[in-house]
Amino acid sequence: VSVAVAITGGLITPVVRDAQTKGLAQIAAEMKDLAARAREKKLKPQEYMGGTFSISNLGMMGIKSFASIINPPEGMILSVGAGEKRAIVKDDKVVIATMMSVTLTCDHRVVDGATGARWLASFKQFVETPEAMLLAMDEWNTRQHGASGLVQRIRSSDVNLLMAEERTLEFLRQ
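A. Spatial organisation of the overall build of the chain. Helices and strands together make up the secondary structure of the chain, namely four helices and six strands. Secondary structure elements of the chain occur, N-terminal to C-terminal, as β-β-β-α-β-β-β-α-α-α. Counting over 174 residues, the chain shows a buried share of 33%. By sequence separation, contacts in the chain at least 24 residues apart represent 47% of the contacts at least 6 residues apart. For the chain, the accessible area works out to roughly 10,700 Å², and carbon and sulfur atoms hold 58% of it.

B. Fine view of the pattern of salt bridges. Tallying each qualifying case throughout the model produces seven salt bridges. Where Glu-47 meets Arg-37, a salt bridge forms, and the shortest distance between an N and an O atom there is 2.7 Å. Linking Glu-47 in the loop between α1 (24-39) and β4 (53-57) with Arg-37 in helix α1, this pair joins segments that are ten residues apart in sequence. Grouping residues by exposure puts Glu-47 and Arg-37 together as buried. Of the charged contacts, one joins Glu-128 and Lys-124 as a salt bridge, the two residues approaching to 2.9 Å between their closest N and O atoms. Linking Glu-128 with Lys-124, this pair stays in helix α2 (residues 113-128), spanning four residues, or about one helical turn.

C. Examining unusual backbone geometry more closely. The amide bond that connects Pro-72 to the next residue, Pro-73, takes the cis arrangement and shows omega of 10°. In this structure, Lys-41 is a non-glycine residue whose phi angle is positive, near 55°. As for its placement among the helices and strands, Lys-41 is situated in the loop between α1 and β4. At Asp-91, a position not held by glycine, the phi torsion is positive, near 55°. Inspection of the secondary structure puts Asp-91 in the loop between β5 (76-90) and β6 (93-106). Take Asp-91: its relative accessible area is 68%, and that puts it in the exposed class.

D. Spatial organisation of the environment of Leu-58. Tracing the chain through its elements places Leu-58 in the loop between β4 and β5. On the basis of relative accessible area, Leu-58 is assigned to the partly exposed category, the value being 29%. Every residue in contact with Leu-58, bar those within four places of it in the chain, is listed here: Ile-63, Phe-66 and Val-80.

E. Broad picture of a nonpolar patch on the surface. Taken together, Met-60, Met-61 and Ile-63 make up a surface patch of nonpolar side chains, about 350 Å² in accessible area. Note that Ile-63 resides in the loop between β4 and β5. Take Ile-63: its relative accessible area is 33%, and that puts it in the partly exposed class.

What counts, and at which threshold
Residues numbered from 1 in each chain as written. Predicted model: local features only at pLDDT ≥ 70, side-chain atom pairs only at ≥ 80, totals over all residues. Heavy atoms only, no water. Helix = DSSP H or I, 4+ residues; strand = E, 2+ residues; numbered from the N terminus. Buried < 20%, exposed > 50% of the residue type's maximum accessible area, 1.4 Å probe, protein only. Contact = heavy atoms within 4.5 Å. Areas by Shrake-Rupley, 256 points an atom, 1.4 Å probe, with all protein chains shown as cover. Salt bridge = Lys/Arg side-chain N within 4 Å of Asp/Glu carboxyl O. Patch = residues over 30% accessible without salt bridge, like charges linked within 9 Å, V, L, I, M, F, W, Y side chains within 5 Å.

Now the structure itself:
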């Protein structure tokens, strides 16, 4: 997973490798280190090359929603907007909830919209169940669902994304 980091003169996308096997705390620590070294222009090429998916967060700047452009050869990019209090209907009552908008952009040559939609649905479940992000996905999945459930669906999407990555590489070779 690549994460967009603003640097003097533009953006760079350092890669958190094997993110699917890590908990949120480990990913946050790695990203903090990568971002600091990116701003100091001390990243090695292997630390910013080879990503298949990017995240761009303008929410911290108060931007409600936006659409990012995919960084080739990656197959998808997630644009994360600001969390803000909104009136929503829950159990037939209007309540205040903190809501966040995200936009997923998929390169349909490598990731079809249905795969992207399944990924977004899994992402939504994790955001709505934050304790799941504090544990490595396998540990959480075992505790909650045994060998099936959410992570199996994500893994199924991962297989599609790996196939999509192969299609990206093949497309670039042509």
